[in-house]
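# Structure assessment
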Amino acid sequence: MIIHGRRSFTIAWLAGLLIVVPILVDLALRGTRAAVTYLAHDSFYYLAVGKNFANLGRFTFDGTRPTNGFHPLWQVCVAMVELARAKGGWSDLANLSLVVVICALIVAAAMVVLGRTLIAAYGRLSPLFLLSIMGLVGAAVSLCHPRFGTMYTFVNGMETPLALLGYALTLAAGLRLNSSPRSGALLGAALAFLTLSRLDHAILVGVLLGLLIVRAVILERNTLRPLLYAMAVVAGVLTTEAIVAKSLWGGIVPLSGIAKSTFPHPKIENILRLWTVPSEDTWGRLAQLYLP
């Protein structure tokens, strides 16, 4: 039995603090307006929908028509923040700072979960973990150039922090998968969390479950039953989300996804166009789509 050293756990928690502390210092030094330098453009869409939910009691962007053009988990978080602001009465700028801090805390939680997962897998955690893009590197760039630094990439007022946490939780649950149905249910919960953080991750989750089932058939048949539990949890959560989306907004796919694609009618030429008609951001976009 490997006894995990206190030093490794300290590194994991320090990695989380390196996300939060520099941002708190930056906001304290530059004031609440500094929060704007962290937020992506689309974050204000979430904020507008959240404010309308707090004031009108429904998810709408223009105050009239309902919308589902968002990833649900982060939109619910923003709506709760806006409800708290409506009751607390603090300013919009202060609210932006609060959103940035919440994003930082979620990314920090993802770092801690990832660190503790690596400790469980290898028995220790190298100090080099602090040099990850969300560790010392991110902390340094955050203080020097937050608008274009790595913290802007992750602490952006959008669904990114929750997706990172979903990946970390999925890795942790996947490494703990065994013959216990509970381990399968936990994996399913992590995968459902990941999907609700970004709905297009449903494709990734399906592929991952398929690969795990193939691996179970070949190597570890005792994990087949837990994997069925995982599939049941994911299916139950996504079915519930689809029913809610259909009843509230008339469709199960976000409007933004439909607007940017040919769903539900896939066209291969849209994929080929990335290669045959290159643009300035073609390679960066391809990297975003396929490298993860």
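What counts and how
Residues numbered from 1 in each chain as written. Predicted model: local features only at pLDDT ≥ 70, side-chain atom pairs only at ≥ 80, totals over all residues. Heavy atoms only, no water. Helix = DSSP H or I, 4+ residues; strand = E, 2+ residues; numbered from the N terminus. Buried < 20%, exposed > 50% of the residue type's maximum accessible area, 1.4 Å probe, protein only. Contact = heavy atoms within 4.5 Å. Polar contact = N/O pair within 3.5 Å; in protein donor to acceptor, adjacent residues only side chain to side chain. Expected span 1.5 Å × (residues − 1). Disulfide = S-S within 2.5 Å. Patch = residues over 30% accessible without salt bridge, like charges linked within 9 Å, V, L, I, M, F, W, Y side chains within 5 Å. Areas by Shrake-Rupley, 256 points an atom, 1.4 Å probe, with all protein chains shown as cover. Salt bridge = Lys/Arg side-chain N within 4 Å of Asp/Glu carboxyl O. pLDDT = per-residue confidence, 0-100. Phe/Tyr/Trp six-rings, centres within 6.5 Å; stacked < 30°, edge-to-face > 60°.

## Thoughts on the overall build of the chain
- In terms of regular secondary structure, the chain is built from 13 helices and zero strands.
- Scanning the chain from its N terminus toward the C terminus, one meets helices and strands in the order α-α-α-α-α-α-α-α-α-α-α-α-α.
- Residues classed as buried in the chain amount to 39% of the 292 residues present.
- Long-range contacts, defined here as pairs at least 24 residues apart, represent 68% of the contacts in the chain between residues at least 6 apart.

## Side note on the side chain of Asn-95
- Counting through the fold element by element, Asn-95 comes out in helix H4 (residues 92-122).
- Looking at Asn-95, its side chain comes within polar contact range of the side chain of Trp-90, at 2.9 Å.
- Ignoring sequence-local partners within four residues, the contact set of Asn-95 consists of Leu-47, Val-81, Glu-82, Arg-85 and Trp-90.

## Description of helix H7 (residues 160-175)
- Over its 16 residues, H7 runs 23 Å from end to end, which matches the ideal 22 Å to within 8%, given 1.5 Å per residue.
- Restricting attention to buried positions, one finds in H7 the residues Pro-161, Leu-162, Ala-163, Leu-164, Leu-165, Gly-166, Ala-168, Thr-170, Ala-172 and Ala-173.

## Points about the state of the cysteines
- Tallying each qualifying case throughout the model produces zero disulfides.
- Of all cysteine sulfurs in the structure, the one in Cys-103 sits closest to Cys-77, which takes part in no disulfide; the separation is 9.1 Å.
- By relative accessible area, Cys-103 is classed as buried at 0%.

## Structural notes on a nonpolar patch on the surface
- Nonpolar side chains collect at one region of the surface, where Leu-14, Leu-17, Val-21, Val-25 and Leu-29 lie side by side and expose about 450 Å² of accessible area between them.
- Locating Val-25 in the fold gives a position in helix H1 (residues 6-30).
- Relative accessible area serves as the criterion here: at 37%, Val-25 is assigned to the partly exposed category.

## A few points about the confidence of the model for the chain
- With 79% of its residues at a pLDDT of 70 or more, the chain has an overall mean of 84.
- No element of the chain has a lower mean pLDDT than helix H13 (residues 282-290), which averages 56, and none a higher one than helix H8 (residues 181-197), which averages 96.

## What about the environment of Gly-174?
- With respect to the helices and strands, Gly-174 occurs in helix H7.
- Its relative accessible area of 32% is what places Gly-174 among the partly exposed residues.
- Between the C-alpha atoms of Gly-174 and Gly-184, which are 10 residues apart in sequence, the distance is 8.5 Å.

## Some thoughts on the packing of aromatic side chains
- The final tally for this structure, using the stated rule, is three aromatic pairs.
- A centroid spacing of 4.9 Å and a plane angle of 20° characterise the contact between Tyr-45 and Phe-61, whose relative ring orientation is stacked. Of this pair, Tyr-45 sits in helix H2 (residues 43-56) while Phe-61 sits in the loop between H2 and helix H3 (72-88), and the two are 16 residues apart along the sequence.
- In this structure Tyr-45 comes out as partly exposed when scored by relative accessible area, which is 23%.
- Centre to centre, the rings of Phe-53 and Phe-59 are 4.5 Å apart; their planes meet at 20°, and the pair counts as stacked. Both residues of the pair, Phe-53 and Phe-59, count as buried.
- Through pairs of rings, three or more aromatic residues link up here, namely Phe-53, Phe-59 and Phe-70.

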